[in-house]
Amino acid sequence: MNEDIYILGIETSCDETAASIVKNGTEIISNIVASQIESHKRFGGVVPEIASRHHVEQITLVIEEALEKADLIPAQLSAVAVTEGPGLVGALLIGVNAAKAFAFAHQLPILGVHHIAGHIYANRLEQEMEFPLLALVISGGHTELIYMKEHGHFEVIGETRDDAAGEAYDKVARTLNLPYPGGPHIDRLAHESSNPVDFPRVWLEEGTYDFSFSGLKSSVLNYMHNAAQRGESVAPEDVAAGFQNSVVEVVTSKTLRAADQYNVRQVIAAGGVAANKGLRASLEKEFAAKGIPFFIPPLSLCTDNAAMIAAAGTVMFEKGIRGNMAMNGRPGMEMDSWV
Amino acid sequence: MIYLGIDTSNSPLSIALAKDDTIIIEETSNLKINHSLTAMPAIEEMMRKAKVTPAQLTHIAVAQGPGSYTGVRIGLTIAKTLAWSLKIPLHPVSSLKVLAANGQYFDGIICPLMDARRGTAFIGAYNGKDLEPVIADQHSEVKEFLTQLKELGQPVLFVGIDVEIHGEVIREVMEDLAFFADPQHRLPRASNLIMLAQQSDEQDVHHAVPDYRRITEAEANYIKVQGGEG
Ligand SMILES: [Zn+2]
């Protein structure tokens, strides 16, 4: 007889303190996120020390709420899954140490989850994954194309060589004097433009699936600077649209090409930038034309949350992986396969 | 009653278990190893040795700061989560007071300190007899704090692993009023923490936060800029 698996997930890698309970890796029972965005806004970005301070204030509250909403007691849990890395070191170790203490108190197994694996597995909370699969993980911290032959197998086939896409969005937003976080504002402005600025597309060398966004970001800054020197005013919507067009075209094209080459049965997008309307529309259109099933989870599962960590942790649990009390936050954690 | 005490507020690690009035085990190390990695394995191992299960714990005592931001947070996160998970009281205690307890019965004032770089420290002053605070825990220029201490005209015992970093200025300002704890009395001891916790109130677990005694640099700069503009 197969017993249901209930996993408590904990995520504190950046500026969200989150806890969630997921059943059998596919069903969200509770999903609590305490966001710190308001607190970091005045600094124009996430301040690591302040993020850590908030995490320690919120951590037991969010775990308690996750258990209460799920109407479960710790004894009913199968394991605790926590984001082990990558992320901000001081932020990660709040989640890791809370997870260890909770697991120790209730004598539960503990699992250290790679944050990107979490983003990918967020999709499984919506529909079952089909392999081979291609995942585009695109967020404030990441821009990666990952090929998966089966559950727990990860092959990073492309990644950013400099800024993450979301980072570039935030920096461009700052030069346009848009509030933090800038991504959604650029996305919104871009749709108001009828005359986008023509910024370069950065393809890098032929055949690579890697990305680079710092050159594009510099082009935008130069454009703004030159206009200012000539005393010309720029239309922010045209800059936003020009920047977004460049990002969307490169990301869509590389994702399509990878899906073709690896002959995948499913493509999923994940991460905060995957919620971007311009990118989403472009990916949906192109993959529909190709006839490859393409999915993006709803916004609440695209941005950082703990349900995705619990979902990924469930697969690790099923594969017999176990962590121990010596687990530590790993800010530069590599993405290793579980198989 | 079984107390678990955890002090990770500076680079040393000290943990202990006490059953009623008896300390049953205490482990203190000064290895400058990452607490995030070592604190939980050390607690697990110590409890296994003492044959105490998590469910048998009745109180958690923790050094609340001030001290290393990260260190204090690790201890407090573990302590909060254990206390909340096990539904038992949490007793946060000043990490400087824990150090001061090393010098209890000293005839004068005890000054615990932890270096905070650039001539500053987390520092406080406690009465040697009863460990009542004489000057509140704070983050200060060491020299300024010492000038204040000197005015009290009493002998002062300096405790903590960082006292030598400020040894020169201490001798210069305090002259013959300065006394230094011997090396074996410079490390924090979780047994002292537990004894202090037994005399202190419990705190609501969810609202227990580190006592940093210092705002973040980002906030300080923000305030400066706002003040400048306003
Ligand atoms: Zn993320």
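Residues numbered from 1 in each chain as written. Chains lettered and ligands numbered in written order. Predicted model: local features only at pLDDT ≥ 70, side-chain atom pairs only at ≥ 80, totals over all residues. Heavy atoms only, no water.

Colleague: Could you give an account of the overall build of chain B, with specific residues and numbers?
Modeller: Within chain B, the regular secondary structure consists of 7 helices and 10 strands. Relative to its length of 230 residues, chain B is compact, with a C-alpha radius of gyration of 18 Å against a globular reference of 17 Å. Here the C-alpha coordinates of chain B stretch approximately 50 × 50 × 30 Å along the principal axes. Looking at chain B as a whole, 55% of its 230 residues qualify as buried. (Helix = DSSP H or I, 4+ residues; strand = E, 2+ residues; numbered from the N terminus. Rg over C-alpha atoms; globule rule 2.2 N^0.38 Å. Buried < 20%, exposed > 50% of the residue type's maximum accessible area, 1.4 Å probe, protein only.)

Colleague: Would you mind going over the overall build of chain A in detail, with residue names and values included?
Modeller: For chain A, the helix and strand inventory stands at 11 helices and 10 strands. Rg of the C-alpha trace for chain A: 20 Å, near the compact-globule value of 20 Å for 339 residues, within the 12% margin. Overall size of chain A, expressed as C-alpha extent along the three principal axes, is 70 × 45 × 30 Å. For chain A, contacts bridging at least 24 residues in sequence account for 73% of all contacts bridging at least 6. A total accessible area of about 12900 Å² is found for chain A, and carbon and sulfur atoms account for 47% of it. Distance between charge centroids for chain A: 2 Å, based on 25 positive and 42 negative side chains. (Contact = heavy atoms within 4.5 Å. Areas by Shrake-Rupley, 256 points an atom, 1.4 Å probe, with all protein chains shown as cover. Lys, Arg positive; Asp, Glu negative; His and termini not counted. Charge placed at Lys NZ, Arg CZ, Asp CG, Glu CD.)

Colleague: Explain the coordination of the zinc ion to me, and be specific about the residues and the numbers.
Modeller: Residues and elements named next belong to chain A. Listed as protein donors to the zinc ion are His115 (NE2), His119 (NE2) and Asp304 (OD); their distances from the metal cover 2.0 to 2.1 Å. Each donor residue of the zinc ion lies on the same chain, and together they follow the pattern H-x3-H-x184-D. Highlighted residues: His115 and His119, both in helix 4 (residues 115–121), separated by 4 residues, approximately one helical turn. Take His115 and His119: they sit in the same class, and that class is buried. (Donors = N, O, S within 2.8 Å, 3.2 Å for Na, K, Ca; no water.)

Colleague: Summarise the nonpolar core; cite the residues concerned and give the values.
Modeller: Buried together is how nonpolar side chains tend to be arranged in soluble globular proteins. Core analysis: the largest hydrophobic core is formed by 88 residues, its most contacted members being Ile63(A), Leu4(B), Leu57(B) and Ile60(B). Element by element, the count of residues in this core is highest for helix 3 (residues 89–106) of chain A, at 10 residues. Each residue touching Ile63(A), except ones within four places of it in the same chain, is listed here: Leu8(A), Ile10(A), Ala19(A), Ala98(A), Phe102(A) and Trp84(B). (Core = buried A, V, L, I, M, F, W, Y, C linked by side-chain atoms within 4.5 Å.)

Colleague: I'd like to hear about the packing of aromatic side chains, residue by residue, with values.
Modeller: To describe a pair of aromatic rings, one takes the distance between the centres and the angle between the planes. If you walk through the whole model with that rule in mind, you get 13 aromatic pairs over all chains. Members of the aromatic cluster, joined through ring pairs, are Tyr121(A), Phe154(A) and Trp338(A). Taking NZ or CZ as reference, Arg53(A) lies 4.7 Å from the ring centre of Tyr69(B), over its face. Over the ring of Phe180(B) we find Arg171(B); its NZ or CZ atom is 4.5 Å from the centre of that ring. (Phe/Tyr/Trp six-rings, centres within 6.5 Å; stacked < 30°, edge-to-face > 60°. Lys NZ or Arg CZ within 6 Å of the ring centre and 35° of its normal.)

Colleague: Can you explain the interface of chain A and chain B? Please cite residues and give values.
Modeller: When the parts of a complex come together, some accessible area is lost, and that lost area is often used as the size of the interface. At the junction of the two partners, chain A supplies 31 residues and chain B supplies 31 residues. Summing the contributions of chain A and of chain B, the shared interface buries around 2900 Å²; its carbon and sulfur component is 68%. Sorting the residues of chain A by area buried against chain B places Arg53(A), Thr60(A) and Phe104(A) first, and these three jointly supply 24% of that buried surface. For the interface between chain A and chain B, the tally reads 2 salt bridges. (Buried area = accessible area lost by both parts, 1.4 Å probe. Salt bridge = Lys/Arg side-chain N within 4 Å of Asp/Glu carboxyl O.)

Colleague: Give a detailed account of the sheet that holds strand 10 (residues 294–295) of chain A, specifying residues and quantitative values.
Modeller: All names here are of chain A. Read across the sheet, 5 strands follow the order 8-7-6-9-10 without closing on themselves; strand pairing throughout is mixed. Only two strands of the sheet have a single partner each, and these edge strands are strand 8 (155–159) and strand 10. Relative to strand 10, strand 9 (residues 266–270) runs parallel, the two being bridged by 2 bridges. Across the sheet, the residue bridging to Ile268 is Phe295, located in strand 10. (Pairing = 2+ DSSP bridges.)

Colleague: Explain the pairing of strand 7 (residues 143–148) of chain A to me, and be specific about the residues and the numbers.
Modeller: Residues and elements named next belong to chain A. For strand 7, a buried count of 6 out of 6 residues is recorded, marking the element as mostly surrounded by other parts of the structure. Note that strand 6 (residues 133–138) and strand 7 share 6 bridges and pair antiparallel. The residue of strand 7 that forms the bridge with Ile138 is Thr143. Relative to strand 8, strand 7 runs antiparallel, the two sharing 4 bridges. Paired with Glu144 across the strands is Glu159, a residue of strand 8. If you look at the hairpin formed by strand 7 and strand 8, you'll find 6 residues sitting between the two strands, and Gly152 has a positive phi there, around 80°.

Colleague: I'd love a proper account of the packing of helix 5 (residues 165–175) of chain A against helix 8 (residues 236–261) of chain A, names of residues and values included.
Modeller: Residues and elements named next belong to chain A. Interhelical geometry of helix 5 versus helix 8 gives an angle of 170° and a closest axis separation of 11 Å. Here helix 8 runs roughly antiparallel to helix 5, going by the angle between their axes. Counting all contacts with helix 5, which are made through Ala168, Tyr169 and Val172, the residues of helix 8 involved are Phe243, Gln244 and Val247. Taken together, the residues that form the contact of helix 5 with helix 8 break down as 5 nonpolar, 1 polar and no charged. (Axes fitted to C-alpha atoms, helices over the stretch in contact; angles between N-to-C directions. Parallel < 35°, antiparallel > 145°, perpendicular 65-115°, else oblique. Nonpolar A, V, L, I, M, F, W, Y, C, P; charged D, E, K, R; others polar.)

Colleague: Run through the packing of helix 5 of chain A against helix 7 (residues 214–229) of chain A, naming residues and quoting values.
Modeller: Residue and element names in this part refer to chain A. Relative to each other, helix 5 and helix 7 sit at 5°, their axes nearing to 10 Å. Here helix 7 runs roughly parallel to helix 5, going by the angle between their axes. Where helix 5 abuts helix 7, its residues Lys171, Val172 and Thr175 lie against Lys217, Val220, Leu221 and Met224. Taken together, the residues of the contact of helix 5 with helix 7 break down into 4 nonpolar, 1 polar and 2 charged.

Colleague: With reference to specific residues and values, describe the side chain of His114(A).
Modeller: All names here are of chain A. On the secondary structure map, His114 appears in strand 5 (residues 110–114). At a separation of 3.1 Å, a polar atom in the side chain of His114 contacts the main-chain amide nitrogen of Ile116. When sequence neighbours within four positions are dropped, the list of residues in contact with His114 reads Gly85, Pro86, Met333, Glu334 and Met335. (Polar contact = N/O pair within 3.5 Å; in protein donor to acceptor, adjacent residues only side chain to side chain.)

Colleague: Any details on the confidence of the model for chain B? Residues and values, ideally.
Modeller: Looking at chain B, the pLDDT average stands at 96 and 99% of residues meet or exceed 70. Among the scores for the predicted complex, ipTM is 0.96 and pTM is 0.95. (pLDDT = per-residue confidence, 0-100.)

Colleague: Which residues make up the environment of Ser246(A), and what values do they have?
Modeller: Residue and element names in this part refer to chain A. Looking at where Ser246 falls in the secondary structure, it is placed in helix 8. Ser246 sits 41 residues away from Glu205 along the chain, and the two C-alpha atoms are 17 Å apart. Once residues lying within four places of it in the same chain are set aside, the contact partners of Ser246 are Phe199, Pro200, Arg201 and Leu216.

Colleague: With reference to specific residues and values, describe a nonpolar patch on the surface.
Modeller: Residues Leu31(B), Ile33(B) and Leu37(B) make up a contiguous nonpolar surface patch of about 270 Å² in total accessible area. Since its relative accessible area comes to 40%, Ile33(B) is described here as partly exposed. (Patch = residues over 30% accessible without salt bridge, like charges linked within 9 Å, V, L, I, M, F, W, Y side chains within 5 Å.)

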